[in-house]
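Okay, here's what each chain looks like letter by letter:
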Amino acid sequence: MKLYSTNNTSASVSFKEAVFNSMPQDKGLYMPVSIPRLSEEFISNLDKYTLPEIAFEVAKSLLGDSIPEADLKVLINDAINFEAPIVKLEEDVYVLELFHGPSLAFKDFGARFMSRVMSYFLEVGEKQLDVLVATSGDTGGAVALGFLGVPNTRVTILYPKGKVSGVQEQQLTTNGQNIRALEIDGTFDDCQALVKQAFTDAELNEKYRLTSANSINIARLVPQTFYYFNTYAQLLKQNKNKVVFSVPSGNFGNIGAGLLAWKMGLPVEQFIAATNANDTVPAFLKTGVYEPKPSIATISNAMDVGNPSNWVRIADLFKGDKDELKKLIVGYSYNDQETAEALEQVFNTNGYVVCPHTAIAWKALKEWQAANEDVASGVFLSTAHPCKFPDVIPAEIAAKIVIPESVKELEGKEKQAVEMSNRFEDFKAYLLNNI
Ligand SMILES: *Cc1c(COP(=O)(O)O)cnc(C)c1O
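Model, not experiment: these values are computed from the prediction.

This part is about the sheet that holds strand 11 (residues 270–275). Spatial ordering of the open sheet is given by 4-5-13-10-11-12, a layout of six strands whose pairing is mixed. Each of the sheet's edge strands pairs with one partner strand only, and the pair in question is strand 4 (86–90) and strand 12 (329–333). Neighbour-to-neighbour, the strand axes of this sheet turn through a mean angle of 25°, independent of strand direction. Here strand 4 runs beside strand 5 (residues 93–97); their pairing, made up of four bridges, is antiparallel. Opposite Val-87, over in strand 5, you have Val-95 as the bridge partner. Packing of helix 13 (residues 280–287) onto the sheet brings it into contact with strand 11 and strand 12, and relative to strand 12 it is tilted by some 125°. In the packing of helix 17 (residues 356–371) onto the sheet, the strands contacted are strand 4, strand 5, strand 10 (243–248), strand 11, strand 12 and strand 13 (377–382), and the crossing angle to strand 13 comes to about 165°.

Next up, the structure:
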């Protein structure tokens with residue numbers, strides 16, 4: 001697999017280089033030079049394959065000879081070791097549950113795959129990889145649990161004190177081993193600024209091999225295509241072959257992976273980009289003007305992104321064909337009140353508890369279906385387990401959440417976090433003094 005930068009399509013780097021650099025020097029994003037099309041035979045027989053088998057076939061055709069097949073198979077079976085089932089809520093309305101991984105959010109797909117790819121590419125005798133990650137909640141947990149125990153890697157997570165939920169904090173701070181958590185007296189933006197500054201600090205880069213694990217890394221995008229194919233496989237088993245995906249979107253990595261799957265030949269009638277008040281993309285789809293904005297805080301805070309980084313990838317997939325883009329993707333955005341109402345409606349009509357991000361995708365799907373007669377199976381993506389966001393779910397609904405065993409186990413574990421100011425000197429001193 002060769003990749004170019006969205007800012008310089010003539011350059012080309014290897015998959016390994018793209019994974020370790022995360023972002024090209026020119027600040028574009030890496031995209032595959034060629035996107036393979038899977039055979040129609042494979043697509044129409046998807047129902048004969050399991051999720052890891054689908055993942056292997058898709059990864060193999062994308063990555064080419066970047067990782068030999070036998071190694072890739074081992075890697076996939078290790079990374080994709082949990083389910084992504086669809087659950088039927090009513091006729092033509094399915095929820096794709098992406099929260100069966102260790103951190104109970106879809107980011108487990110990206111983080112588990114990326115950690116194993118990085119570890120695989122680290123050659124014998126190479127310097128330990130130091131992953132720095134700022135999180136507003138979900139990314140840190142997925143990255144921590146994705147890298148936990150992965151040889152020759154160490155993760156340092158920075159999270160804003162008092163601004164992540166109880167379950168999220170437990171997932172970040174109870175790991176030990178190669179995972180360290182820093183509780184920053186500041187905001188998520190402060191955490192991100194500290195990480196960014198560390199990457200440009202000569203002394204730190206001299207001493208450590210620093211890398212980032214953020215959502216723009218191509219190794220996080222690739223595994224997110226797997227569950228789109230796997231959803232189609234599950235629909236085929238029910239004799240359905242038309243699908244509409246509604247994706248709760250923030251940085252647009254998740255829906256970007258769906259579009260990559262489509263480009264690889266997955267038949268999809270419609271993608272719905274569902275956002276909260278951070279409506280940069282829905283506004284663009286309506287007006288044709290792309291206008292990034294500062295982010296607005298909402299109750300679906302994992303989607304509080306005013307300038308979605310992965311949008312350039314989506315634009316790149318549709319180079320020169322804006323009309324096709326606008327046909328395939330429709331946008332909906334909802335404010336907090338609408339989100340809260342949607343969450344209650346899903347519960348009242350289906351007895352099913354969703355997190356606020358997922359509620360937005362459900363509402364967008366219902367609205368799209370009301371306006372479009374076309375019969376296709378509607379699938380909305382559930383990006384996180386509702387138990388991660390109890391504070392924004394009404395108590396009587398929250399009481400109905402079935403708490404996963406993994407969360408119950410966290411309760412007895414001791415919190416290990418280092419409290420720290422939001423000053424770079426403190427962060428740097430910590431890194432230098434804790435080898
Ligand atoms: C990260 C996240 C999102 C947004 O996904 P993007 O790929 O950034 O669009 C949505 N929901 C939850 C629960 C998340 O953690």
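Among the 15 residues in the neighbourhood of the ligand, the closest are listed as Lys-107, Asp-138, Gly-250, Asn-251 and Thr-383. A distance of 2.8 Å separates an oxygen atom of the ligand from a polar atom in the backbone of Asn-251. Here a nitrogen atom of the ligand sits 2.8 Å away from a polar atom, N or O, in the side chain of Thr-383. Isolated, the ligand exposes 390 Å² of accessible area, and the fraction of that covered by the protein chains is 96%. Here the residues of the shell around the ligand are counted per class, giving six nonpolar, seven polar and two charged.

It is worth spelling out the UniProt feature "domain: Tryptophan synthase beta chain-like PALP" (unreviewed entry) in the protein chain at this point. Here the UniProt-annotated "domain: Tryptophan synthase beta chain-like PALP" (unreviewed entry) positions come out as residues 89–372. In this annotation, residues 89–372 is assigned 47% helix and 17% strand; the end-to-end C-alpha distance for the span is 19 Å.

It is worth spelling out the pattern of salt bridges at this point. What the rule picks out here adds up to 21 salt bridges. Residue Lys-16 pairs with Glu-126 through a salt bridge whose shortest N-O separation is 3.9 Å. Of this pair, Lys-16 sits in helix 1 (residues 15–21) while Glu-126 sits in the loop between helix 5 (107–121) and strand 6 (129–134), and the two are 110 residues apart along the sequence. For Lys-16, a relative accessible area of 24% corresponds to the partly exposed category. A residue is classified by how much of its surface remains accessible, and Glu-126, at 22% relative accessible area, is partly exposed. Across the pair Glu-419 and Lys-161 runs a salt bridge, and its minimum N-O distance is 3.2 Å.

With parallel pairing, the five strands of this open sheet are ordered in space as 9-6-7-8-14. The two strands at the open ends of the sheet, each matched to only one other strand, are strand 9 (209–212) and strand 14 (418–420). When the angles between neighbouring strand axes are averaged without regard to direction, this sheet yields 25°. In this sheet, strand 14 lies alongside strand 8 (residues 179–184) in parallel orientation, the contact comprising three bridges. Bridge assignment links Ile-184 to a residue of strand 14, and that residue is Met-420. Those strands touched by helix 6 (residues 138–147) are strand 6, strand 7 (153–160) and strand 8, and its axis lies near 160° from that of strand 7.

So, how was this worked out
Within every chain, residues take consecutive numbers counted from 1 along the sequence as written. Per-residue local features are limited, in this predicted model, to residues with pLDDT of at least 70; the limit for side-chain atom pairs, both in listing and counting, is 80 or more; totals at the level of whole chains, interfaces and linings are taken over all residues. For side-chain calculations, the full set of non-hydrogen atoms in the structure is used, while hydrogens and water are omitted. Strands are treated as partners if at least two bridges between them are detected by DSSP. Elements are defined by DSSP. Helices are runs of H or I of four residues or more, strands are runs of E of two residues or more, and each kind is numbered from the N terminus. Under this scheme, a helix contributes an axis fitted over its contacting stretch, all axes are lines through C-alpha atoms, and angles between N-to-C directions fall in the 0 to 180 degree range. When checking whether two residues touch, look at their non-hydrogen atoms; a contact exists if any pair is within 4.5 Å. Whether a residue is near a molecule or strand is decided by its heavy atoms; if any one of them lies within 4 Å of it, the residue is near. Within 3.5 Å is the distance limit for a polar contact, defined as a pair of N or O atoms, with the added protein rule that one can donate a hydrogen and the other accept it, and that residues adjacent in sequence qualify only through two side-chain atoms. Only the protein chains shown count as cover for residues, with accessible areas throughout obtained via the Shrake-Rupley method and a probe of 1.4 Å. In this classification, Asp, Glu, Lys and Arg are treated as charged, Ala, Val, Leu, Ile, Met, Phe, Trp, Tyr, Cys and Pro as nonpolar, and every other residue, Gly included, as polar. UniProt positions are given in the numbering used here, feature names are shortened, and annotations may be inferred rather than shown by experiment. A pair is scored as a salt bridge if a Lys or Arg side-chain nitrogen falls within 4 Å of a carboxyl oxygen belonging to Asp or Glu. Each residue gets one of three labels from its accessible area relative to the maximum for its type: buried under 20%, exposed over 50%, partly exposed in between, using a 1.4 Å probe on protein chains only.

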